[in-house]
Structure formats: structure tokens, C-alpha cells
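Architecture and fold: a report
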Amino acid sequence: MPVFPHEYLHKLAYHVYVAKGTPEEEAEIVATHQVKSNLVGHDSHGIIQLLEYCSRIDRGHIVPGAPFVVERETPNTAVINGNWGFGFVQTEKAMRMAIDKAREHGVAAMTVHHQSHVGRVGDYPTMALNEGMIGLVTADSGAGPKNAAPFGGRARRLGTNPICIGVPSDLPGPVLLDMATSAVAMGKINLQRSRGESVPLGWIVDKDGKPTTDPNDYFAGGAILPVGADQGHKGYGLSFMVEMFSGLLTGLGFGIDPQARHNDGVFISVYNVEHFRPLDDFKKEMREFVEFIKTSPPAEGFTEVLYPGEIEYNTEMKRREEGIYVEDQTWEGITALMEEVGVTEVVGKP
């Protein structure tokens, strides 16, 4: 697989989106989010999605430059219509709005509907923690196509329904829980298939509900399992509640419409730490809490205990130095796309 500097991948994504009619400011935001996903090791949400997003632009499922409309608002809340714009762009705006409200009032919450894929959910609570606040974000696709089976079932009835919580601290990397409530994010199934690799047992079942390691079985009518293996009822319960926040509370609803465009409903809540206790004291105690957790002797097969978000931080530091791997099949598609939209020369070689 070829390896590229993150700056080069950002440059090519930016120019491709601009060539597809995306305003420059939006192209910068989308490229930044995608490459950040690669940097922290979530390749399923990274540059591999460039081809799909451009296809959605062509089909009218993503509307570059779409208006950000506040449909309802109070001092602490808001309801946002993204008008099928880039989810990265609309959710960033919503998170900034929530941070501003929490800065003044202590707590803020809002919903966003009718927007495209928001990518890696971890980017948005990170915005809050960088402002000294705790951020919580959930996402769901409403009545769009489903991926995951409920605990005890074998047919798709739920999305991968991620939840993310970011917390400010004195640590060098962000304290960030970013997880799908399914055993795996949908993009990781695509990634394994594109790499010609199997998936771990416990990720998916085939159309008959039998465990399988072949990613193609998912696309032949299988389903992703809820997180938790034999305790999957816990992941299922989390997924159920994420769908409530991001599907029902947003007004997107539930169920399955196979023809529906991808639509990420998002619930955001932000908590200003200063309204509860001094921020510096809290950040110091968070660091001390992590240090205490990490004093646990490692179990067999492990070298250390990691705090939520530490793997991603370590991966980012490494990939900023060593570059980002892109699988051959994905790179072939990207180079063809660059030629198609006429940006090969302006992007140049890495």
C-alpha cells in the first residue's frame, strides 16, 4: 500500500471537492476532518470516503454550500436543519453554537437533521474540550438503511449509532470516548473488504444469523452485531438510546427506507466545567485520575493501560511523522477521480 504525507492527502481532497463545486471554506473543513480520521487511525472514515462523497454530490445527496437554518431556538437549545449539506460543515457550526450557549448558560443541547455523513464523531466533542467544556455527541441515520441487528435478532434494525464524549484535562492528548454501539463501524467492514482481508469473529453474522469472518457475507444480507459479544444486550441498549436521541428527538424517525439518502441526525450537548467547579482544578484532577488508572499492572497480553483516546493520540503522532497508508484499490480510484475532475496537475506528486 502506498504511503502519503497527511498534507498531500488534505491537498488532493480539498482540490477534488472544489472541482465538484464545493465552496473553498467547506472543502477545507471536509478535507481536514477526513485526513484527521486517517491520522488517528480511523481509516474507514478517512480519505477512502472521498469517492463516496463525490458520488453523493453527483446524485444530489450532498449539497455543497447548503444553508444552515436554525428552526427553533432558546438560550440553551436549538434545532438545526442542515439542508443536506456536508455533515462535517453543519455539525461544526452546530457545535460552535452549543459551545457559545454553554459558555454563557453553563449547559446547552441541540439537534441537527437533514445533513450528510458527519464522519468521525470524535472531532466534535474535541471542539468542546478544547474550550474547557465536556462535549457529548450521538449520531444516527433516522429511517435510512440500517446496518446492525438488535441483541437476540439477526435482521438489520439499527444503525451503527456512535456515541462520543470528550473531556478537558491536563494530558497532552484528548480524553475522548469515541465508539460505535455496534461491534464495529460500517466503514471498517468496507475497509476490510477493499483490502481483501477477513473480519474478526464477533463483528458480523451472515443472512442466516450465523457468525462469519467473511466481510462479503454482510453485503449479502448479513448484519453487524451490537458491541459486547455475549453481553451484547448492553451495546444494544446503548444503540437503542442513541437512536432515540439522534433519530426520534431530531424528528428523523425510525424504520428502514432503502431508497433514503444517507442522513446523520445528531444530538449535541455541552457542559461548561467552570459552571460546576474551577476548570484548572478539574483538568488537574482528570490527569491525576488517568495516572491512577494507569497504575494498574497490565494484564497478560498487554503492556500498559490506556485512557480513552490515548491510542488515537499516539497513532496521530506516529502518522504525522511516518505518513498515512492508503490501500491500492482506494488509491487507484482516487487517482482516476483526480483525472476525471482535472486536478491532477494542481495536486501534483507527494
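Before any of the text, the structure's been laid out above.
Residues numbered from 1 in each chain as written. Predicted model: local features only at pLDDT ≥ 70, side-chain atom pairs only at ≥ 80, totals over all residues. Heavy atoms only, no water.

1. Let's talk about the overall build of the protein chain
- Looking only at helices and strands, one finds twelve helices and twelve strands in the protein chain.
- For 350 residues, the compact-globule formula gives about 20 Å, and the C-alpha radius of gyration of the protein chain, at 20 Å, lands near that figure.
- Dimensions of the protein chain along its principal axes, counting C-alpha atoms only, are 55 × 45 × 45 Å.
- The buried share among the 350 residues of the protein chain stands at 50%.
- In the form shown here, the protein chain has an accessible surface area of approximately 16100 Å², with 54% of it arising from carbon and sulfur atoms. (Helix = DSSP H or I, 4+ residues; strand = E, 2+ residues; numbered from the N terminus. Rg over C-alpha atoms; globule rule 2.2 N^0.38 Å. Buried < 20%, exposed > 50% of the residue type's maximum accessible area, 1.4 Å probe, protein only. Areas by Shrake-Rupley, 256 points an atom, 1.4 Å probe, with all protein chains shown as cover.)

2. Description of the sheet that holds strand β5 (residues 133-140)
- The seven strands are arranged β2-β3-β4-β11-β5-β6-β7 in an open sheet whose pairing can be described as mixed. At either margin of the open sheet sits one strand with a lone partner, and together these are β2 (69-73) and β7 (175-180). Direction aside, the axes of adjacent strands within the sheet are offset by 15 degrees on average.
- On top of the sheet, helix α8 (residues 232-248) reaches β5, β6 (162-167), β7 and β11 (265-272); it is set at about 90 degrees to β5, its chief contact. (Pairing = 2+ DSSP bridges. Axes fitted to C-alpha atoms, helices over the stretch in contact; angles between N-to-C directions. Contact = heavy atoms within 4.5 Å.)

3. Digging into the side chain of glutamine 90
- Its location among the elements puts glutamine 90 in helix α4 (residues 87-105).
- Since its relative accessible area comes to 1%, glutamine 90 is described here as buried.
- Within polar-contact distance, the side chain of glutamine 90 engages the backbone oxygen of proline 67 at 3.2 Å.
- Once you skip the residues sitting within four places of it in the chain, glutamine 90 turns out to touch Ala66, Pro67, Phe68, Gly82, Gly85 and Gln115. (Polar contact = N/O pair within 3.5 Å; in protein donor to acceptor, adjacent residues only side chain to side chain.)

4. Overview of the layout of surface pockets
- For the largest pocket, the calculated volume is near 1400 Å³.
- Gln49, His117, Met186, Gly187 and Asn190 are, among the 50 residues lining the largest pocket, the residues nearest its centre.
- Looking at the lining of the largest pocket, the elements that each hand over two or more residues are α3 (50-59), β5, β7, α6 (186-194), α7 (215-219) and α11 (328-341).
- Broken down by element, the lining of the largest pocket gets its largest block of residues, six residues, from α6.
- Looking at the lining of the largest pocket residue by residue, the classes come out as 18 nonpolar, 20 polar and twelve charged. (1 Å grid on protein atoms, 1.4 Å probe; cavity = no way out; pocket = protein on both sides within 12 Å on 5 of 7 lines; lining within 4 Å. Points joined across faces, edges and corners; volume = space filled by probe spheres on them. Nonpolar A, V, L, I, M, F, W, Y, C, P; charged D, E, K, R; others polar.)

5. Focus on the nonpolar core
- Judged by nonpolar contacts, the single largest core of 56 residues is most densely connected at Leu9, Leu12, Tyr17 and Ile268.
- Among the elements that take part in this core, α4 stands out by supplying eight residues, more than any other. (Core = buried A, V, L, I, M, F, W, Y, C linked by side-chain atoms within 4.5 Å.)

6. Here's the deal with the pattern of salt bridges
- In this structure the tally under the stated criterion is 22 salt bridges.
- The closest approach of N and O atoms between aspartate 100 and arginine 103, which form a salt bridge, is 3.0 Å. Of this pair, aspartate 100 and arginine 103 both sit in helix α4, three residues apart, which is roughly one turn of that helix.
- Arginine 120 serves as the salt-bridge partner of aspartate 178, at 3.7 Å between the closest nitrogen and oxygen. Note that aspartate 178 is positioned in strand β7 and arginine 120 in the loop between β4 (107-115) and α5 (123-129), a separation of 58 residues in sequence.
- Among the charged side chains, a network of salt bridges with common partners joins Asp43, Arg195, Arg319 and Glu327. (Salt bridge = Lys/Arg side-chain N within 4 Å of Asp/Glu carboxyl O.)

7. Notes on a negative patch on the surface
- Together, Asp170, Glu274, Asp280 and Asp281 give the surface a local cluster of negative charge.
- Here glutamate 274 is to be found in the loop between β11 and α9 (279-293).
- Overall, glutamate 274 belongs to the partly exposed group, its relative accessible area being 48%. (Patch = residues over 30% accessible without salt bridge, like charges linked within 9 Å, V, L, I, M, F, W, Y side chains within 5 Å. Lys, Arg positive; Asp, Glu negative; His and termini not counted. Charge placed at Lys NZ, Arg CZ, Asp CG, Glu CD.)

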